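The residues making up each chain are set out below.
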Amino acid sequence: MKFLKYLAALAVLIGAMLIPASPATAACPYSCTAAEVTALQNEMFTLVNNYRVNAGRAALQRNSYLNTAAAVQSNHMVSTQTLTHVGPGGTNAYQRAVNAGYPAGRGIGENVGMGYSTSAQRVAGWYNSSSHRTIMLNSAYRYGGIAIRFGSNGIPYYALVVGT
C-alpha cells in the first residue's frame, strides 16, 4: 500500500512538471503577448549565462541571427509537435543559422527542448544532460540566440543556438 501511495505521489509530481505553472513562471501558454515571450526568452538566456559564468566561462552575447535560427526551429517543432534538431526542409542548426544571416564557416551548436513549467526547469534540464551541458558551457561559443514558442496545446518548445 505504501508503494502505491509513493507511485501516486510520483505521478502527481511528474504531472505537475508538465502542466504550465502560473503566468509568472510558465507565462501564458495559450495566449502569450510578444512582451511575455520576450521576457521568457530573456529569462532563459540569463539562466544559461548564469551556468556559464558559474563554470568560469564568459557569458554569451545575444545575436539576432542566432535568435532567428532558434525561432525557426522552435516554430518548426510547434508545427510538427516534435522535439527535433531537424528543421524545415531537413535543415540542420548550421544551415538555419547561415540562412538567418550568421556568417558561414563559424561553429554552431544547438539545444532544443519541450515541456517543463518554468525557465529554470528548462535550462536545468539541459544542464543535467551531459551533451546539452557541453554545448551550454563550451567556451568556444561566444554568441547565442534563444526562442520559446507554445503549441496550441500549451506545451512549450524552445531552442538555444550558439555560435563561435
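Now for a quick tour of the structure. None of the values given here were measured: they were computed from a predicted structure. (Residues numbered from 1 in each chain as written. Predicted model: local features only at pLDDT ≥ 70, side-chain atom pairs only at ≥ 80, totals over all residues. Heavy atoms only, no water.)

Let's shift gears to the overall build of the protein chain. Helices and strands together make up the secondary structure of the protein chain, namely six helices and four strands. What you see in the protein chain, going N to C, is helices and strands ordered as α-α-β-α-α-β-α-α-β-β. Within the protein chain, the proportion of its 164 residues that are buried is 39%. Contacts spanning at least 24 positions in sequence make up 67% of the contacts within the protein chain whose residues lie at least 6 apart. As displayed, the protein chain has an accessible area near 8,300 Å², and 60% of this comes from carbon and sulfur atoms. (Helix = DSSP H or I, 4+ residues; strand = E, 2+ residues; numbered from the N terminus. Buried < 20%, exposed > 50% of the residue type's maximum accessible area, 1.4 Å probe, protein only. Contact = heavy atoms within 4.5 Å. Areas by Shrake-Rupley, 256 points an atom, 1.4 Å probe, with all protein chains shown as cover.)

Summarising the element assignment, Thr164 is placed in the segment after β4 (156-163). For Thr164, a relative accessible area of 26% translates into the label partly exposed. With 61 residues separating them along the chain, Thr164 and Pro103 place their C-alpha atoms 9.8 Å apart. Those residues within four positions of Thr164 in sequence are excluded, and the remaining contacts are Tyr102, Arg106, Gly107, Ala140, Tyr141, Arg142 and Tyr143.

A full pass over the atoms with the stated rule returns one salt bridge. Ionic pairing is found between Glu110 and Arg96, a salt bridge with its closest N-O pair at 2.7 Å. Here Arg96 lies in helix α4 (residues 93-100) and Glu110 lies in strand β2 (residues 108-114), a separation of 14 residues in the sequence. With a relative accessible area of 7%, Glu110 lands in the buried category. Judged by relative accessible area, which is 4%, Arg96 ranks as buried. (Salt bridge = Lys/Arg side-chain N within 4 Å of Asp/Glu carboxyl O.)

Right, let's get into the environment of Met114. Topologically, Met114 is positioned in strand β2. On the accessibility criterion, Met114 (32% relative accessible area) is partly exposed. In this structure the C-alpha to C-alpha distance between Met114 and Ile155, which are 41 residues apart in sequence, comes to 6.9 Å.

The next point concerns the nonpolar core. Within the largest apolar cluster, 18 residues are counted, with the highest numbers of intra-cluster contacts made by Met44, Val48, Trp126, Met136, Ile148 and Leu160. Elements supplying a minimum of two residues to this core: α2 (34-54), α5 (119-127), α6 (130-137), β3 (143-150) and β4. Not counting the four nearest positions on each side in its chain, Met136 is found in contact with Val48, Tyr51, Arg52, Asn111, Val123, Trp126, Tyr127 and Leu160. If you look at the next biggest cluster of nonpolar residues, it comprises 15 residues, including Ala69, Ala71, Met77 and Ala93. (Core = buried A, V, L, I, M, F, W, Y, C linked by side-chain atoms within 4.5 Å.)

The next thing to look at is the environment of Ala93. Counting through the fold element by element, Ala93 comes out in helix α4. Among the residues examined, Ala93 registers a relative accessible area of 12% and is labelled buried. The spatial distance from the C-alpha of Ala93 to the C-alpha of Asn111 is 9.5 Å, given a sequence separation of 18 residues.

Before going further, it helps to spend a moment on unusual backbone geometry. Residue Gln81 is not a glycine yet carries a positive backbone phi of 50°. With respect to the helices, strands and loops of the structure, Gln81 is situated in the loop between α3 (64-80) and α4. Of note, the phi angle at Tyr116 is positive, near 70°, even though the residue is not glycine. Residue placement: Tyr116 occurs in the loop between β2 and α5.

Okay, the packing of α5 against α6 next. It is the contact of α5 with α6, at a shortest axis distance of 6 Å, that shows an interaxial angle of 105°. In this view, α5 runs roughly perpendicular relative to α6, as classed from their interaxial angle. Of the residues in α6, those in contact with Val123, Trp126 and Tyr127 of α5 are His132, Arg133, Met136 and Leu137. Of the residues in the contact of α5 with α6, the class split is five nonpolar, one polar and one charged. (Axes fitted to C-alpha atoms, helices over the stretch in contact; angles between N-to-C directions. Parallel < 35°, antiparallel > 145°, perpendicular 65-115°, else oblique. Nonpolar A, V, L, I, M, F, W, Y, C, P; charged D, E, K, R; others polar.)

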